[in-house]
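Commentary on secondary and tertiary structure
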Amino acid sequence: MEEKLILQAKNISKTFFSKKGDTEAIENVSLNVRENEFLVLLGPGQCGKTVFLNILSGLISATSGEVILDGKVIKDVDTRIGFVFQKTGLFEWKTAMENVELGLKYKKMPKKQRAENAQKYIDLVGLHGFENAYPKQLSGGMKQRVGIARAYTANPEILLMDEPFGALDAQTRYSMQEEILKIWSQEKRTIIFVTNNIEEAVYLGDRIIQFTEQPARVKKEYDLSFLPRPRNYVDEEFLRIRTEISDNEDLTLE
Amino acid sequence: MKTNPLLKNTSIGYKFFYYISSTFALILFLILWHITAISGKTMLPTPADTIWRLITIWGTEISNQPMIAHVGMSIWRIVSALIVAVLFGIPFGVAMGWNKTFRAVFKPIFETIRPVPPIAWVPLVTLWFGTGEIPRIIIIFMGVLMPIVVNSYAGVSMVPRLNIDVGRSFGAKSLDMLFDIVLPSSLGAIFAGVRTAVGTGWMVLLASEMLAAKSGIGFLIMQGTNNSDLELAIVGMVMIGVMGALFAYGFDYLERWLCPWKRS
Amino acid sequence: MTNDSELLRQQARQQELKYIKNNKRKMMIFSILSITALLLIWHFVVTFRLVNTRFLESPVTVINTIITKFTDINPDGGYLHQHIIESAKVVWVGFLVGSLVGIPLGLFMGWYRIFDHLIRPLFEMVRPIPALAWIPIVLLFLGIGVAARSAIIFFGSFVGIVLNTYVGVRQTNQVLINVAKTCGASNFEIFYKIGIPSAMPMIFTGLKTAMGAAWATVVAAEMLSASKGLGYMIQMGRMYGEVSLILAGIIVIGIFGLISSWMIGCLEDIVLKWRPKNHEN
């Protein structure tokens, strides 16, 4: 299957320097991201996945290595890459609508057009009727829906999602997983999704890249494109892959 | 904020209990005051006389000015000083938190002046500008400026990293970042600063009015003290307390109006 | 290969540390320059007679005044150390009484409902009244003197201490209380062993605010009625038209304000050893 590469990470390493000593977070990670795929980065907690995602987005710079988007090296944040933050990062002083409009506002799009665009994604994530609610008035799941709508509305080519469901309870988490697949199938974009939950990874990913314990290195890659969607958590094949990945996982005390 | 639930109760019986004990405490206070007053060892007026004076004073003149003029004068002084301090102090504090070079240049100067209590400037300001209204407002201004600048600065420099990251990843330019993210993030801290400033402001106002003025609540307190008119002095105290409380409520109101997202 | 990446890392490391160091040094230079510039402008404005010395004296003269004031009684009838001791005495007496009354009051009000109900209405009445407004009442009961001025400082420091202590003890972690209850501790035991230690950081916040308020108040109180003290000294400086004395007083007041808050900071470090330094939140 020959598909277009949209994003490449080449020999990314990241070391944090401090007086107390150096911390090596990422060691020589390279990977290719294909257009419109759902790529999951799986690794034990605190292994450096978030740091890696931050490097892809340009929020922090790598110690060595480069990130190539559409054939060009990127040095700073780029609005072609959207971000869904683990702690939602909604602005509490803005309504759901204003939060969703954020990216367009900074692109200086006229207000009316902005609202139309935002409304589409608010409806898509099922928040119709909550446009004027402040984040404080929303539940955890609804907040993350706003976060997802916000990322989509900015119209990026790639969406980075940093354990977006990590803080949610199991019930909400399952429904959000279905939700994100629904949105992905309707609005085809490349998604790079970070999680430490194997089941979630197998449920969502076209491809899974498994990271090692810190410092993060690529441990193994799993191609799951053969596994049909919608997937079933108790399907035999599903369970087999889950066990395989789980056996390969570095044991970690979280 | 987690509070001890032992202390939280909203049942009717509890409220009743609360009102009873509060009233009891107030009555006890008034009785003690009354007994001290009629014991004749001091010149303390009785609570009844004081309350009567508090009511009738609005129909009288003190030093050729009606009571309302004195109160109005004090309010005018503190409000004008506050407005100037807010207009100057918030941008200054924000600039100090936002721009590294600005901070490096002005913070040391600021930190040098900060430990000097505002009232200590009174002699210098009177020497420079005389004893009119403007010098008085300058002194109050200096008193209220510090907390406003300090809190605006702290608010801006402690904006959560996450908020900045969100702004960057959605393509916020420098000005977007400042006005759309940093300022709203630090609004709470700025408000806290203004609230502290109002408290300091009353203190400095009082000092300046007591030291040299022909009007205002501080003048009334001093007038009462010097003429052994304790009723007048206590009326002044009550008025300044009432004004202080009203201002505090006013600011809570203003904050809720300006920050609708904080209402629950 | 490994050697290569190791080399790259070393380079990056040196670059980053150097950048941080340079940045720090640059900021430091800016700061020193700005203070120096201020002092120079002050100095030259006076020496080039751009401002009449009736209104401003040069920093050199002011420092001279501070030094000679230790041995010169004129014009206000007191040596500098006498004024300092007088002010410090008033501040510390008022502040200590304020803490001794305020901390227990705040603790009990925060923990026991009955205290809260009895005292809070009265406290809320007293709270918005600035310390200086107590002058007539204080003069009535205590006359003019150290006791009266200390009483005013007491009012100035007391409110902040009670408020912070109250909030501190109320923020006691409910989990800790439940654990203690499960272990069969009495309410008083919980208060003593959990409530009070939990309130400690806030108590110190209160003490620091109160100390600032105490210095501000003492200056005002001494300007209004005193025959010694730093506030009195600067007031006299104005009466006799001696700017250098006023400026000297302002500087000394600032320094002693700093020393007092530093002392409380030290006490805090000793008492709150268990708390990690530079903690977040």
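Residues numbered from 1 in each chain as written. Chains lettered and ligands numbered in written order. Predicted model: local features only at pLDDT ≥ 70, side-chain atom pairs only at ≥ 80, totals over all residues. Heavy atoms only, no water.

The strands that make up a sheet pair up through hydrogen bonds in the backbone, lying either parallel or antiparallel. Residue and element names in this part refer to chain A. An order of β6-β7-β8-β3-β9-β10 is seen for the 6 strands of this open sheet, with the pairing classed as mixed. Only two strands of the sheet have a single neighbouring strand rather than two, namely β6 (81–84) and β10 (218–223). Averaged over all pairs of adjacent strands, the angle between their axes in this sheet comes to 15°, without regard to strand direction. For strand β3 (residues 38–42) and strand β9 (residues 207–211), the ladder comprises 4 bridges, and the chain directions are parallel. Residue Leu41 lies in a different strand from β9, and its bridge partner there is Ile209. Relative to the sheet, helix α6 (residues 170–186) contacts β3, β7 (158–162) and β8 (190–195), its axis offset from that of β3 by approximately 145°. Against the sheet, helix α8 (residues 236–248) touches β3, β9 and β10, its axis set at about 175° to β10. (Pairing = 2+ DSSP bridges. Helix = DSSP H or I, 4+ residues; strand = E, 2+ residues; numbered from the N terminus. Axes fitted to C-alpha atoms, helices over the stretch in contact; angles between N-to-C directions. Contact = heavy atoms within 4.5 Å.)

In this section: the UniProt feature "transmembrane region" (unreviewed entry) in chain C. Residues and elements named next belong to chain C. Within this structure's numbering, the places UniProt gives as "transmembrane region" (unreviewed entry) are residues 27–45, 90–114, 126–145, 151–169 and 243–264. The span residues 90–114 is 96% helical and 0% strand by assignment, and the distance between its end C-alpha atoms comes to 34 Å. Note that residues 243–264 is 100% helix and 0% strand, and that its end C-alpha atoms are spaced 32 Å apart. (UniProt positions renumbered as here; feature names shortened; annotations may be inferred.)

With numbering aligned to this structure, UniProt lists the feature "domain: ABC transmembrane type-1" (unreviewed entry) at residues 84–264 of chain C. The span residues 84–264 of chain C carries 85% helix and 0% strand; its end-to-end C-alpha distance comes to 19 Å.

Right, let's talk about the nonpolar core for a bit. Residues Ile119 of chain B together with Leu132 of chain C are the most contacted members of the largest nonpolar core, which totals 122 residues. Broken down by element, this core gets its largest block of residues, 16 residues, from helix α8 (residues 187–224) of chain C. Beyond its immediate sequence surroundings of up to four residues, Ile119 of chain B is in contact with Met203, Val204 and Ala207 of chain B together with Ala216, Val219, Ala220 and Met223 of chain C. In terms of nonpolar packing, the next biggest core, distinct from the first, is built from 46 residues, Leu42, Ala118, Val125 and Ile191 of chain A among them. (Core = buried A, V, L, I, M, F, W, Y, C linked by side-chain atoms within 4.5 Å. Buried < 20%, exposed > 50% of the residue type's maximum accessible area, 1.4 Å probe, protein only.)

Time to look at the pairing of strand β2 (residues 23–34) of chain A. By the bridge criterion, 8 bridges tie strand β1 (residues 5–16) of chain A to β2 of chain A in an arrangement that is antiparallel. Bridge assignment links Leu5 of chain A to a residue of β2 of chain A, and that residue is Arg34 of chain A.

All right, on to the pattern of salt bridges then. With the rule as written, the count across this model stands at 40 salt bridges over all chains. With its nearest N and O atoms 3.8 Å apart, the salt bridge here joins Lys262 of chain B to Glu255 of chain B. Classification of Lys262 of chain B as partly exposed rests on a relative accessible area of 33%. One network of salt bridges, in which partners are shared, links Lys220, Glu237, Arg240 and Glu244 of chain A. (Salt bridge = Lys/Arg side-chain N within 4 Å of Asp/Glu carboxyl O.)

All names here are of chain C. This model, assessed by the stated rule, comprises 33 aromatic pairs over all chains. Their ring planes at 20° and their centres at 5.3 Å tell us that Phe44 and Phe48 sit as a pair that is stacked. Phe48 gets classed as exposed once you look at its relative accessible area, which sits at 57%. Where Trp92 meets Phe95, the ring centres are 5.6 Å apart and the plane angle is 80°; that geometry is what we call edge-to-face. Linking Trp92 with Phe95, this pair stays in helix α3 (residues 80–111), spanning 3 residues, or about one helical turn. (Phe/Tyr/Trp six-rings, centres within 6.5 Å; stacked < 30°, edge-to-face > 60°.)

It is worth spelling out the packing of helix α9 (residues 217–226) of chain B against helix α10 (residues 230–258) of chain B at this point. Residues and elements named next belong to chain B. Where α9 meets α10, the axes come as close as 7 Å, and the angle between the chain directions of the two elements is 155°. Compared by their axis directions, α9 and α10 come out roughly antiparallel. Here α9 runs over α10; the crossing is left-handed. In this structure, α9 contributes Ile217, Leu220, Ile221, Gln223, Gly224 and Thr225 to the contact, and α10 contributes Leu230, Leu232, Ala233, Gly236, Met237, Met239, Ile240 and Met243. Here the contact of α9 with α10 is composed, by residue class, of 10 nonpolar, 4 polar and no charged. (Parallel < 35°, antiparallel > 145°, perpendicular 65-115°, else oblique. Left-handed = near helix turned anticlockwise from the far one by under 90°. Nonpolar A, V, L, I, M, F, W, Y, C, P; charged D, E, K, R; others polar.)

Each partner contributes to the interface: chain B provides 22 residues, whereas chain A provides 25 residues. The junction of chain B with chain A conceals about 2100 Å² of combined surface from both sides, 63% of it contributed by carbon and sulfur atoms. Linking chain B with chain A are 4 salt bridges. At the surface where chain B touches chain A, the tally comes to 8 residue pairs in polar contact (both at pLDDT 80 or more). (Buried area = accessible area lost by both parts, 1.4 Å probe. Polar contact = N/O pair within 3.5 Å; in protein donor to acceptor, adjacent residues only side chain to side chain.)

A separate point is the domain arrangement of chain C. Residues and elements named next belong to chain C. Domains assigned within chain C are domain 1 (1–56) and domain 2 (58–271). Between domain 1 and domain 2, the C-alpha centre-to-centre distance is 36 Å. Counting residues at the interface gives 8 residues for domain 1 and 6 residues for domain 2. Of all residues in domain 1, the largest losses of buried area upon contact with domain 2 belong to Trp42, His43 and Leu56, amounting jointly to 65% of the total for that side. Our count for the contact surface shared by domain 1 and domain 2 stands at 0 salt bridges. (Domains from an automatic or database assignment.)

Taken together, the contact between chain C and chain B spans 57 residues of the former and 57 residues of the latter. Together, the buried faces of chain C and chain B total about 5100 Å²; carbon and sulfur atoms form 79% of this surface. On the chain C side of the interface with chain B, the three residues burying the most area are Arg113, His117 and Arg170 of chain C, jointly 12% of the side's total. For the pair chain C and chain B, the interface holds 3 residue pairs in polar contact (both at pLDDT 80 or more).

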